[in-house]
Amino acid sequence: MKNRKKAEKITFQTEKEVPLMAMSLGSMLYNKTGAWRNIRPVIDNSNCIQCGICWKFCPDVAIYIENEFPVVDLDYCKGCGICAEECPSKCIAMVEEEK
């Protein structure tokens, strides 16, 4: 997961090029979406039981495992809080984003 392509901005020349309905504009692995976030997950590794449930439930593939512990890639995390909600040891806290 670390070797990702450089994110490219998706632009439209005119409003006629904008799709009429929601559709995928590309893999979220290549479009950085973390700027949408207003809260972010913080993991307390001292309470983590290394179960991988946060990684499994993350809808944005923003969590990867490094040295047997989960790490959040904030470039892609949207702050949905699913990881914190599903964590059985409650070691993930959602904190307000600092700007």
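Please refer to the structure placed before this passage.
Below you will find a few notes about this structure. (Residues numbered from 1 in each chain as written. Predicted model: local features only at pLDDT ≥ 70, side-chain atom pairs only at ≥ 80, totals over all residues. Heavy atoms only, no water.)

### Topic: empty space enclosed by the protein
Test applied: Think of a 1 Å grid over just the protein atoms. A cavity is a set of points where a 1.4 Å probe fits yet cannot get out, a pocket is an open set with protein on both sides within 12 Å along at least five of seven lines, and lining residues have an atom within 4 Å of a point. Grid points are joined across faces, edges and corners, and a volume is the space filled by probe spheres set on the points. Nonpolar residues are Ala, Val, Leu, Ile, Met, Phe, Trp, Tyr, Cys and Pro. Charged residues are Asp, Glu, Lys and Arg, and all others, Gly as well, are polar.
All told, the structure shown has 1 cavity of 30 Å³ or more when counted by the stated rule. Size it by volume and the largest cavity reaches roughly 100 Å³. Along its surface, the largest cavity is lined by 15 residues, and Cys 58, Ile 63, Cys 77, Cys 80 and Cys 83 are the ones closest to its centre. Counted by class, the lining of the largest cavity contains 11 nonpolar, 2 polar and 2 charged residues.

### Some thoughts on the nonpolar core
Cut-off, in case you're wondering: We call a set of buried Ala, Val, Leu, Ile, Met, Phe, Trp, Tyr and Cys residues a nonpolar core when their side-chain atoms join them within 4.5 Å. For every residue, the accessible area (1.4 Å probe, protein chains only) is compared with the maximum for its type, and the residue is labelled buried under 20%, exposed over 50%, or partly exposed between those bounds. Any two residues whose heavy atoms approach within 4.5 Å at even a single point are treated as in contact.
Grouped together as the largest cluster of nonpolar side chains are 14 residues, with contacts concentrated most on Ile 63, Cys 91 and Ile 92. In contact with Ile 92, not counting residues within four places along its chain, are Pro 41, Val 42, Ile 43, Cys 54, Cys 83, Ala 84 and Cys 87.

### Re the state of the cysteines
Using the following cut-off: By definition, disulfides here are pairs of cysteine sulfur atoms that lie within 2.5 Å.
Per the counting criterion, the structure on display carries 0 disulfides. Cys 87 supplies the cysteine sulfur nearest to Cys 51, a cysteine that is in no disulfide, at a spacing of 6.0 Å. Residue classification places Cys 51 among the partly exposed positions, given a relative accessible area of 42%.

### Let's talk about the side chain of Glu 97
Heads up, the condition is: For the purposes of this entry, the term helix denotes a DSSP run of H or I that reaches at least four residues, the term strand denotes a run of E that reaches at least two, and both are numbered from the N terminus. A 3.5 Å cut-off defines polar contacts: any pair of N or O atoms within that distance qualifies, except that in protein one atom must be a possible hydrogen donor and the other a possible acceptor, and neighbouring residues in sequence count only when both atoms are side-chain atoms.
On the secondary structure map, Glu 97 appears in the segment after strand E4 (92-96). Overall, Glu 97 belongs to the buried group, its relative accessible area being 18%. At a separation of 3.3 Å, a polar atom in the side chain of Glu 97 contacts the side chain of Arg 40.

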